[in-house]
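Now for the letters of each chain:
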Amino acid sequence: MMDDYENILVHVLRARDPQGALASAIKALDDQHPLRAALAAINTDGLRMSALLVARLRFERLLRGSKEYRADWQLDPNSAAARFSAYHEASPLLAFSPKEEAKLFHAWEFVTA
Amino acid sequence: MIPVGFVLPPDEATLDILGAFLEEEPDIFEVAPETLWQQVEGRLHTNDYHALFLSMGRRSGQRFLAHGVGYSVGGGGSAAEVYRRAQWRAAMARDQALFQFLWYTDHLGITAPAGQNTALPLPLPMTAEAAECVRLRLDEMSTVVPVVGIENPASHFVCGNPLDEPAFIRSVLQNPSRRLLLDLANVFAMASNLGFDAEEYLAALPLDQVIEIHMAGGTDSDPRWLPGGRSLRLDGHDGPIPPEVWRLLDVALPRCSHLRAIVLERMEGTIADSDVGLLREEMRRLRSCVVKQAA
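Parameters at a glance
- For every chain, the first residue of its written sequence is number 1, and the numbers climb from 1 along that sequence.
- Naming scheme: in the order in which they are written, chains are lettered from A and ligands are numbered from 1.
- Local features are withheld for residues below a pLDDT of 70 in this predicted model, meaning they are given only at 70 or higher, and side-chain atom pairs are given and counted only at 80 or more; totals for whole chains, interfaces and linings count all residues.
- Strands here mean DSSP runs of E at least two residues long; helices mean DSSP runs of H or I at least four residues long; both are numbered from the N terminus.
- Residue burial is a threshold on neighbouring C-beta atoms within 10 Å of the residue's own C-beta, all placed from the backbone, with 20 or more meaning buried, 12 or fewer meaning exposed, and counts in between meaning partly exposed.
- We call two residues in contact if the C-beta atoms placed from their backbones are at most 7 Å apart.
- Think of it as three bins: nonpolar holds Ala, Val, Leu, Ile, Met, Phe, Trp, Tyr, Cys and Pro, charged holds Asp, Glu, Lys and Arg, and polar takes everything else, Gly as well.
- At least two bridges found by DSSP between two strands is the condition for calling them paired.
- Axes, fitted as lines to C-alpha atoms, cover a helix only where it is in contact. Angles between the N-to-C directions of the axes lie from 0 to 180 degrees.
- Our angle categories are set so that under 35 degrees counts as roughly parallel, over 145 as roughly antiparallel, 65 to 115 as roughly perpendicular, and the remainder as oblique.
- By convention, the crossing between two helices is left-handed when the near helix turns anticlockwise from the far helix through less than a right angle, and right-handed when the turn is clockwise.

1. Regarding the overall build of chain B
Within chain B, the regular secondary structure consists of 10 helices and 12 strands. Each principal axis of the C-alpha atoms in chain B carries an extent, and together these give about 45 × 45 × 45 Å. The buried share of chain B, taken over its 295 residues, is 49%. In chain B, of all internal contacts separated by at least 6 residues, the share reaching a separation of at least 24 is 78%.

Okay, here's the thing in structure tokens:
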């Protein structure tokens, strides 16, 4: 059960629409699944705020880790934010340090360019 | 007398601003172990703060407490997670030999779900399986630092009734040697956000197992962040301790019979020169609360 919970959590928190992703995840569980009631009890505002904070912490790691991205952010924040959002949605949260986040971000940009 | 401590900030500018404050005010230092490390290809190596903080402890003679975020005490047993936690404990063991941490706590929750780093502790389902998982992680941590515990969370959502959480915490801490780090700012934030009575939550916690209390301030989120325009209390450690949290300290302190430290938390990067006076006042007020309690 804990493995299911962790997988749902990371999927929902990185989704563009966390509330919709949670509803879909609950629907995909069978009726007797022990997580159903627990997930249904989650409040929407709290879920959205958690998703925002996870993204914000990742964004701050990237800003600290990449001079290049920092410069882009100062030059054109809207475009830099859109690039980060696409990266955040598409890429698992594998970095633990700013340097690693920067490396993964630039590798992702290279591959998706 | 119960010592009053401060969290060492891993940030040069903040350390410069704090300067004499760090030499004069704290009776004890707290560090987040992960702020002592940098990860290079999965391995945890020491960073520059490791030597700096160690030298600060040696110079002042102050003892250290370890309080982390990243062990992911609610995390599961996948091969990748088992490996990651083994790396973590190896780094902790190396540092325990140097820092001689008095105890080691982490946040109740998951910070590495499915091996991914959210950096934000996320709530657990309040089930017997989840409680057993945390108990196993605490057993792992205690192989490195004998005295271990968890901090009550500041979750923005919970999987159930938030007032069931104290009972869940009790089941996690069923081994009486395990400890609770009581974060009163977290209790206040959760009560504000989830709409329950903070004192009712507090009364249901195993306060006789509290080893340490955290005090901190925070701010409310920007109303533009949520579609309904609602603000939530954030556990940002970025402002003065609010009156509600001081009030909770008055309530909790007489009931924490095994308390061994109170620590003031303030996030690096949120301290200006003009804040140092306030931090001194907060440290001294905490010390006077301890003295009053001891009398």
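2. Some remarks on the environment of Phe21 of chain B
Residue and element names in this part refer to chain B. Relative to the helices and strands, Phe21 is located in helix 2 (residues 20–24). Along the sequence, Phe21 and Leu279 sit 258 residues apart, while their C-alpha atoms lie 8.5 Å from each other. Not counting the four nearest positions on each side in its chain, Phe21 is found in contact with Val276, Leu279 and Arg280.

3. A few points about the interface of chain A and chain B
On the side of chain B, 27 residues touch chain A, which itself brings 32 residues to the contact. When contributions to the side of chain A that touches chain B are tallied by element, the ones reaching two or more residues are helix 1 (2–14), helix 3 (35–40) and helix 4 (44–65) of chain A. Its residues assigned to classes, the side of chain A that touches chain B shows 22 nonpolar, five polar and five charged.

4. Here's the deal with the sheet that holds strand 6 (residues 104–107) of chain B
Residue and element names in this part refer to chain B. Strands sit in the order 1-2-5-6-7-8-9-12 around a closed barrel of eight strands; the barrel is parallel. On average, adjacent strands in this sheet sit at an angle of 30° to one another, irrespective of strand direction. Here four bridges tie strand 6 to strand 7 (residues 148–151), and the two strands are oriented parallel to one another. Bridging from a neighbouring strand, Tyr104 pairs with Val148 of strand 7.

5. Quick look at the pairing of strand 9 (residues 210–215) of chain B
All names here are of chain B. Counting buried residues in strand 9 gives six out of six residues, a clear majority hidden from the surface. Bridge count between strand 8 (residues 179–183) and strand 9: four bridges; the pairing is parallel. Bridging across to strand 9, Asp183 finds its partner in His214. Bridging between strand 9 and strand 12 (residues 261–264) involves four bridges; their strand directions are parallel. Residue pairing for strand 12: Glu212 is matched across the bridge by Ala261.

6. Here we look at unusual backbone geometry
All names here are of chain B. Even without being a glycine, Gln100 presents a positive backbone phi close to 50°. Here Gln100 shows up in the loop between helix 4 (79–99) and strand 6. For Gln100, a count of 11 C-beta atoms within 10 Å translates into the label exposed. The backbone of Ala114 shows a phi angle near 50°, a positive value even though the residue is not glycine. Overall, the presence of 21 C-beta atoms within 10 Å leaves Ala114 in the buried class.

7. Overview of the packing of helix 2 (residues 18–28) of chain A against helix 4 of chain A
When two helices pack together, you describe them by how their axes are tilted relative to each other and by the distance separating the axes. Residue and element names in this part refer to chain A. Closest axis-to-axis distance for the helix 2/helix 4 pair is 9 Å, and the angle between their directions is 115°. As the angle between them shows, helix 2 and helix 4 are arranged roughly perpendicular. As for how helix 2 packs across helix 4, the hand of that crossing is right-handed. Where helix 2 abuts helix 4, its residues Pro18, Gln19 and Leu22 lie against Thr44, Leu47, Arg48 and Ala51. Broken down by class, the residue content of the contact of helix 2 with helix 4 amounts to four nonpolar, two polar and one charged.

Read these as spatial facts, not as claims about activity.
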